[in-house]
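# Understanding the architecture of this molecule
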Amino acid sequence: MDAKARNCLLQHREALEKDIKTSYIMDHMISDGFLTISEEEKVRNEPTQQQRAAMLIKMILKKDNDSYISFYNALLHEGYKDLAALLHDGIPVVSSSSGKDSVSGITSYVRTVLCEGGVPQRPVVFVTRKKLVNAIQQKLSKLKGEPGWVTIHGMAGCGKSVLAAEAVRDHSLLEDCFPGGVHWVSVGKQDKSGLLMKLQNLCTRLDQDESFSQRLPLNIEEAKDRLRILMLRKHPRSLLILDDVWDSWVLKAFDNQCQILLTTRDKSVTDSVMGPKYVVPVESSLGKEKGLEILSLFVNMKKADLPEQAHSIIKECKGSPLVVSLIGALLRDFPNRWEYYLKQLQNKQFKRIRKSSSYDYEALDEAMSISVEMLREDIKYYYTDLSILQKDVKVPTKVLCILWDMETEEVEDILQEFVNKSLLFCDRNGKSFRYYLHDLQVDFLTEKNCSQLQDLHKKIITQFQRYHQPHTLSPDQEDCMYWYNFLAYHMASAKMHKELCALMFSLDWIKAKTELVGPAHLIHEFVEYRHILDEKDCAVSENFQEFLSLNGHLLGRQPFPNIVQLGLCEPETSEVYQQAKLQAKQEVDNGMLYLEWINKKNITNLSRLVVRPHTDAVYHACFSEDGQRIASCGADKTLQVFKAETGEKLLEIKAHEDEVLCCAFSTDDRFIATCSVDKKVKIWNAVTGELVHTYDEHSEQVNCCHFTNSSHHLLLATGSNDCFLKLWDLNQKECRNTMFGHTDSVNHCRFSPDDKLLASCSADGTLKLWDVTSANERKSFNVKQFFLNSEDPQEDMEVIVKCCSWFADGARIMVAAKNKIFLWNIDSCSKVADCRGHLSWVHGVKFSPDGSSFLTSSDDQTIRLWETKKVCKNSAIMLKQEVDVVFQENEVMVLAVDHIRRLQLINGKTGQIDYLTEAQVSCCCLSPHLQYIAFGDENGTIEILELVNNRIFQSRIRHKKTVWHIQFTADEKTLISSSDDSAIQVWNWQLEEYVFLQAHQETVKDFRLLKNSRLLSWSFDGTVKVWNIITGKIEKDFVCHQGTVLSCDISHDTTKFSSTSADKTAKIWNVSNGELLHLCAPLSEEGAATHGGWVTDLCFSPDGKMLISAGGYIKWWNVVTGESSQTFYTNGTNLKKIHVSPDFKTYVTVDNLGILYILQTLE
């Protein structure tokens, strides 16, 4: 060794001896060929970690320059970058014609790239397979920097993963083809939640500085998009290696313009993805010579010197690298047992693991049994503990420290014994160590230890409870993600049903887990462990699952909603509500703000599941025939298929070049049809997602498609903007029949249950029934007459009928109009029921096969699953949003107009409703002492009704346009009104005196009465004005926003006022000088405005310290800090006004679904 290198090593010897863990360093040096097995044993025999490090350095000082370089690279690979930096200046110059280090021909650049990318190191014993490695490298070179796929396929245990890792240990390949680096992902057999975990971990690794996002993606689609951005922007021209891929659907998550190398047992997995594809097959066995080479390296002998038994052992191992390595590791420790191990293999004395079509397990079974039996007695039972690990799950060291109640170093020493004997694998990325079993080893352990599994799972739960409380796990803890994902699995496997129920029925656990990984995995666990959870209380299980299902679209958003406040909106009989109430009361004592929805018992939640699978409007959703799957499509041009029970995604297909307007399952569930704005109709394989047929005979966009209900003679019907309906036979290439009759776009079509009739909805305002056999029109309904009570102008009627669906008996049909759904009896043309819940246009309605539920899909990006019986029983009255509220002591009185124009007076506490009169009302208000009500109409007329004797007073002077807002003064003698005509009218109705406030240049949005005969008004002209209502003069005039001012309020001390605008901001101003004090609407990291839309109303608390705002939902703000104190999410959105009690403890509003909310501060 050079004097310079030697002196550098001596200089930093003390620091090295203090910090390094020798077992991992020695693995590298043995792999490089600069440390022998006997030297390794000598180091291991030292009693302490520091003494082992001292012995290793003493050995290196006696070696050559190449050993120094090997030691330096090992430090880098194991994350000791600070220690490696100390040795950098001492690196000796080694002559090499290729410019590579002599150590295995691998440069430090390659080592660094592979280390950072998580590529596994070479096995302790490594045999080159140059022909295969070269073939893989040639295929990778063919990608030429463009997206594509290179597949290495072969049977289990044939060395695919080792070959993939070896192929990228090439300086020129990385430098020329993948300068952005290499990123390794161990995939394995996964369900959707498992894949999401893999993607989350990969995104974290690729974005360690969190420059793109500070939170984990909450679903596969978001993770796929995050991965695409990271690969394009932070890691361009890099290679993604997917190890051990089982299913084709998994690849879709990575199908985002990446260069990908994958290993698999099934070479057809790439059939479902796009781009160039290259395949490298790996032979099923090593061959005799390669097998002998592996054994010779393990026992440190030349091949020619191997005993005769070695040839027979290779034969019995059937050429599997994995099995040969297991036997080789045993022989390294017991070199005199060749005959013993051969007899064990030949006699087949060991219990068989179940067979698999992809692998002969017999040899592995025997080799595994021998390997385990030969472990030291003091560590053998630790290996048994690993039986509880799931396949392809990498376990952090900390988890096993908790399981065994040991220090990290002790655990790592034990695990290294298993790794050395090929009984365990280690994934090392920097200083983080994660251990995993090959899936064949998991099979072996679970089969061998099946009688102990329950106790083993119980052991890990018991140990976990000693160290952690479930809901206090912190994301920065090494083992955090493992417990969040597998704690319920271990409890269920341990049959600790009581503990599992306590965990799953805990609002704390739900909050902690959904905030980190989203709701999908939790919903999956509620379904998977339902048989256990139902044992305690079926109703409680349903409470929690329904809470997650119906709030999933909120729990996946940022900023994360307050889950306690969401829980308070559940029915009072719900366990979720009970826990939320308990927590809320505790937190209220510490100054937290919570709201009770006191009239919620009058609201029935009719939908059963709400999911958000698309990134844009959802145009259609449908059940599979067995009811187990749901297909949906929309403006994002995709077809999605997911489980009806949990919302777990099964397929995602980029189906068309333009928006996909409709989709349909065939009766036998073999096919899914889609149709699009691109004028095409496509047929897909419902399981694999492969394209089967394409039809393009329509001349305009195709709006709808539907299969016959019988598979005996399968037909598909389609309707288009070309006004035609077409029938297609899947066995023919061309259209079978074209149906003429509609005079405008055909929006929807449905076969009757017996397939004799086809119903079609059109923009011409008709519902037509067609004879399927003859293609002739049988009957036509003018659907306009069903909507005569609609408030929409008659000229809008032609677009109101969007879709229909037959009930199973063929006698009823469901029709969607705007955001409402109506159920009609076909024979009598009478309405059976209606329901509401969507925030925007409903594009699709569909009954389930048994008629017990139906699906609706909407522009609001949600799909809702409804229960038919509930809807028929709860055809509720819908309130208009123009309401007035009077707060009297403990009473809350609400004056409202319903959708059939009835004025009703509602007692907010008791729910009692008094129907007053029917009128063409545009707005209404109550007098402070409940003696009078006033209402305005679209003609500008204002009337006052005296409640005691029903006398009516009418204003002599009308507004010129629709009256939108009216309010009594405190003495009830004066009524103030505003209109589209930009004027404010002050009417002393008892003296018939009028004052007109005219200065706004555009429509007055609203006004608010202040003290001392003052009035605050705001307008579409962007100004806020303060008036004296006696003199009619302006006292203050503020220009607050460039656009429409939607709402204003002034603090009780009159020092501050707030304004909101169509720019989705809320501002707080100084009244005296007009200075802006706070901007209350910063953008979240996702880019969505804090208020969820326009801020339409504001109100200060009496002490001026708090502000409430209404918009997409309701928010409470701390005026001093400008920060949000609480958020209440209404079922609907677009709140127009918030009415607040004088004590600032009760709040009333109506959303755009007509649902009334009376909220009260929890005390």
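Residues numbered from 1 in each chain as written. Predicted model: local features only at pLDDT ≥ 70, side-chain atom pairs only at ≥ 80, totals over all residues. Heavy atoms only, no water.

## Some points on the overall build of the protein
Rules: In this text, helices come from DSSP runs of H or I with a minimum length of four residues, and strands from runs of E with a minimum of two, each type numbered from the N-terminal end. Between buried and exposed lies partly exposed: a residue is buried under 20% and exposed over 50% of the maximum accessible area for its type, with that area taken using a 1.4 Å probe on protein chains only.
Across its full length, the protein holds 32 helices and 60 strands. Residue burial in the protein is summarised as follows: out of 1163 residues, 59% are buried.

## Observations regarding the packing of aromatic side chains
For any pair of aromatic rings, the description consists of the separation of the ring centres together with the inter-plane angle of the planes. As a reminder of what qualifies: Only rings of Phe, Tyr and Trp enter the pairing, Trp through its six-membered ring, and a pair is recorded when the two centres are within 6.5 Å. The plane angle decides the type: under 30 degrees is stacked, over 60 is edge-to-face, the rest tilted. A ring is scored as having a charge over it whenever the NZ atom of a lysine or the CZ atom of an arginine sits within 6 Å of its centre and within 35 degrees of its normal.
Counted according to the given criterion, the structure contains 25 aromatic pairs. With a centroid separation of 6.2 Å and 0 degrees between ring planes, the pair formed by Trp 987 and Tyr 994 is classed as stacked. The same class applies to Trp 987 and to Tyr 994, which are both buried. Judged by centre distance (6.3 Å) and plane angle (15 degrees), the rings of Phe 1057 and Trp 1069 are stacked. With a gap of 12 residues between them, Phe 1057 in strand β51 (residues 1056-1061) and Trp 1069 in strand β52 (residues 1066-1070) connect regions that are remote in the sequence. Through a chain of ring-to-ring contacts, the aromatic side chains of Phe 464, Tyr 482, Trp 483 and Phe 486 assemble into a single cluster. Positioned over the ring face of Tyr 436 is Lys 394, at 5.1 Å from the centre of the ring. Above the plane of the ring of Trp 1117 lies Lys 1115, whose end atom (NZ or CZ) is 5.6 Å from the centre.

## Description of the pattern of salt bridges
Here is the rule we go by: Here, a salt bridge means any Lys or Arg side-chain nitrogen found within 4 Å of an Asp or Glu carboxyl oxygen.
The tally for this structure, following the rule as stated, stands at 29 salt bridges. In this structure, Glu 417 and Arg 376 form a salt bridge, with 3.3 Å as the shortest nitrogen-oxygen distance. Of this pair, Glu 417 sits in helix α22 (residues 408-420) while Arg 376 is found in the loop between α19 (361-373) and α20 (377-385), placing the two residues 41 residues apart along the sequence. A residue is classified by how much of its surface remains accessible, and Glu 417, at 16% relative accessible area, is buried. The exposure class assigned to Arg 376 is partly exposed, which follows from its relative accessible area of 42%. For Asp 668, the salt bridge is made with Arg 670, and the minimal N-O distance between the two is 3.6 Å.

## What to know about the confidence of the model for the protein
Convention followed: Confidence of the predictor in every single residue is expressed as pLDDT, which spans 0 to 100. Only heavy atoms matter for contacts: two residues are in contact if any of them lie within 4.5 Å across the pair.
Summarising the model, the protein shows a mean pLDDT of 81, and 85% of its residues fall at 70 or more. Confidence, read as mean pLDDT per element, is least for strand β30 (residues 830-836) in the protein (60) and greatest for strand β16 (residues 671-676) (96). Below a pLDDT of 50 lies the segment residues 789-799, which in the model reaches 19 contacts outside its immediate sequence neighbourhood of four places, other chains included. Residue range residues 1082-1089 is modelled with pLDDT below 50. Its contacts to residues more than four positions away, or to other chains, number 12 contacts.

## Topic: the sheet that holds strand β43 (residues 974-979)
Which entries qualify depends on this criterion: Two strands pair under a simple rule: DSSP has to find at least two bridges between them. A fitted line through C-alpha atoms serves as each axis, taken over the contacting stretch for helices, and the angle formed by two N-to-C directions is quoted from 0 to 180°.
Within the open sheet, the four strands sit side by side as β42-β43-β44-β45. Their pairing is antiparallel. If you trace the sheet from one side to the other, it starts and ends with β42 (963-968) and β45 (993-997), each paired once. Each strand of the sheet is rotated relative to its neighbour by a mean of 20 degrees, with strand direction disregarded. Strand direction decides the pairing type here: β43 and strand β44 (residues 984-988), joined by five bridges, are antiparallel. Looking across to β44, one finds that Leu 975 is bridged to Trp 987.

## A word on the UniProt feature "repeat: WD" (unreviewed entry) in the protein
Our working definition: UniProt positions are given in the numbering used here, feature names are shortened, and annotations may be inferred rather than shown by experiment.
Under the UniProt annotation, the feature "repeat: WD" (unreviewed entry) is placed at residues 611-652, 653-694, 695-738, 739-780, 835-867, 956-988, 997-1037 and 1038-1079. Helix and strand shares over residues 956-988 are 0% and 52% respectively, and the end C-alpha atoms of the span are 11 Å apart.

## Section: the packing of helix α9 (residues 130-142) against helix α10 (residues 160-167)
The test is simple: Small angles under 35 degrees read as roughly parallel and large ones over 145 as roughly antiparallel, with 65 to 115 read as roughly perpendicular and the rest as oblique. Take the far helix as the reference: if the near one is turned anticlockwise from it by less than a right angle, the crossing is left-handed, and if turned clockwise, right-handed. Amino acids outside the nonpolar list (Ala, Val, Leu, Ile, Met, Phe, Trp, Tyr, Cys, Pro) and the charged list (Asp, Glu, Lys, Arg) are all regarded as polar, and Gly is one of them.
In the contact formed by α9 and α10, the axes pass within 9 Å of each other and the chain directions differ by 60 degrees. The orientation of α9 with respect to α10, classified from their angle, is oblique. Pair α9 / α10 crosses with right-handed handedness. From α9, Leu 132, Val 133, Ile 136 and Gln 137 reach across to α10, where they touch Leu 163, Glu 166 and Ala 167. A per-class count over the contact of α9 with α10 returns five nonpolar, one polar and one charged.

## Topic: the environment of Thr 1065
Residue placement: Thr 1065 occurs in the loop between β51 and β52. A relative accessible area of 13% places Thr 1065 in the buried class. Measuring from C-alpha to C-alpha, the distance between Thr 1065 and Leu 1079 comes to 7.0 Å, with 14 residues separating the pair along the chain.

## Notes on the pairing of strand β46 (residues 1004-1009)
As paired elements, β46 and strand β47 (residues 1014-1019) share five bridges and run antiparallel to each other. Paired with Val 1004 across the strands is Ser 1019, a residue of β47. The turn linking β46 back onto β47 is made up of four residues, and Asn 1012 within it adopts a positive phi angle of 60 degrees.

## So, the environment of Lys 198
Secondary-structure assignment places Lys 198 in helix α12 (residues 192-206). Taking relative accessible area as the criterion, Lys 198 reaches 14% and is therefore assigned buried. Distance in space between the C-alpha atoms of Lys 198 and Val 187 is 7.2 Å, their sequence separation being 11 residues. The residues contacting Lys 198, other than those within four sequence positions of it, are Ser 186, Val 187, Gln 190 and Asp 392.

## Considerations on the sheet that holds strand β25 (residues 766-771)
The antiparallel open sheet is built from four strands, whose spatial order is β23-β24-β25-β26. Strands with a single pairing partner mark the edges of an open sheet, and in this sheet they are β23 (746-751) and β26 (777-782). This sheet shows a mean twist of 20 degrees between the axes of neighbouring strands, independent of strand direction. Sheet topology places β23 next to strand β24 (residues 757-762); five bridges connect them, and they run antiparallel. Within β24, the position partnered with His 748 by the bridge is Cys 761.

## What to know about the packing of helix α24 (residues 453-467) against helix α25 (residues 480-493)
Relative to each other, α24 and α25 sit at 135 degrees, their axes nearing to 8 Å. As judged from the angle between their axes, α24 and α25 are oblique. In this structure, α24 crosses over α25, and the sense of that crossing is left-handed. Within the contact between the two elements, α24 uses Gln 454, His 457, Ile 460, Ile 461 and Phe 464 and α25 uses Trp 483, Leu 487, Tyr 489, His 490, Met 491 and Ser 493. Looking at side-chain class alone, the contact of α24 with α25 contains seven nonpolar, four polar and no charged residues.

## Structural notes on α24
Basically, it comes down to this: By this rule the span expected of a helix is its residue count minus one, scaled by 1.5 Å. Throughout, the arc means that of the directions going from the helix axis to the C-beta atoms.
Between its first and last C-alpha atoms α24 spans 22 Å; for 15 residues at 1.5 Å apiece the expected length is 21 Å, and the two agree. Residues Leu 453, Leu 456, His 457, Ile 460, Ile 461, Gln 463 and Phe 464 constitute the buried set of α24. Each buried residue of α24 sits inside an arc of 165 degrees when the element is viewed along its axis, so together they form one side. Opposite its buried face, α24 presents the exposed residues Asp 455 and Arg 466, each directed more than 90 degrees away.

## Some thoughts on the environment of Glu 938
Among the structural elements, Glu 938 can be located in the loop between β39 (932-936) and β40 (942-946). Residue class for Glu 938 comes out exposed when judged on its relative accessible area of 63%. For the pair Glu 938 and Ser 979, spaced 41 residues apart in the sequence, the C-alpha separation amounts to 9.4 Å. Those residues in contact with Glu 938 that sit more than four places away from it in its chain are Ser 922, Lys 961 and Thr 962.

## Re helix α8 (residues 108-116)
For α8, the complete set of buried residues consists of Val 110, Arg 111, Val 113, Leu 114 and Cys 115. The first or second residue beyond α8 is Gly 118, which carries a positive phi of 75 degrees.

## Here we look at the side chain of Lys 1025
Inclusion rule: Nitrogen and oxygen atoms within 3.5 Å of one another constitute a polar contact, given that in protein one can donate a hydrogen and the other can accept it, and given that sequence-neighbouring residues count only through two side-chain atoms.
Following the sequence through the fold, Lys 1025 ends up in strand β48 (residues 1023-1028). Judged by relative accessible area, which is 4%, Lys 1025 ranks as buried. At 2.9 Å, the side chain of Lys 1025 forms a polar contact with the side chain of Asp 1037. Beyond its immediate stretch of four places on either side in the chain, Lys 1025 contacts Ala 999, His 1000, Leu 1015, Leu 1016, Ser 1017, Ile 1034, Lys 1036 and Asp 1037.

## Focus: the nonpolar core
Spelled out, the test is: The criterion is simple. A nonpolar core is a set of buried Ala, Val, Leu, Ile, Met, Phe, Trp, Tyr and Cys residues joined through side-chain atoms within 4.5 Å.
The biggest cluster of nonpolar side chains holds 90 residues, and the ones touching the most others in it are Tyr 383, Leu 386, Trp 404, Phe 418, Trp 483, Leu 500 and Met 504. Element by element, the count of residues in this core is highest for α25, at 10 residues. Discounting residues that sit within four places of it in the chain, Trp 483 has contacts with Val 399, Ile 402, Ile 460, Phe 464, His 468, Leu 473 and Trp 509.

## Side note on the pairing of β16
Of all six residues in β16, six are buried; the element is thus mostly enclosed. Of the two faces of β16, the one lined by Phe 671, Ala 673 and Cys 675 and the one lined by Ile 672, Thr 674 and Ser 676 are each fully buried. Here five bridges tie strand β15 (residues 660-665) to β16, and the two strands are oriented antiparallel to one another. Pairing of Phe 665 across the sheet is with Ile 672, part of β16. Hairpin connection from β15 to β16: five residues lie between these consecutive antiparallel strands, with Asp 669 at a positive phi of about 65 degrees. Pairing of β16 with strand β17 (residues 681-685), which is carried by five bridges, proceeds in the antiparallel orientation. Counted as the bridge partner of Phe 671 is Asn 685 from β17.

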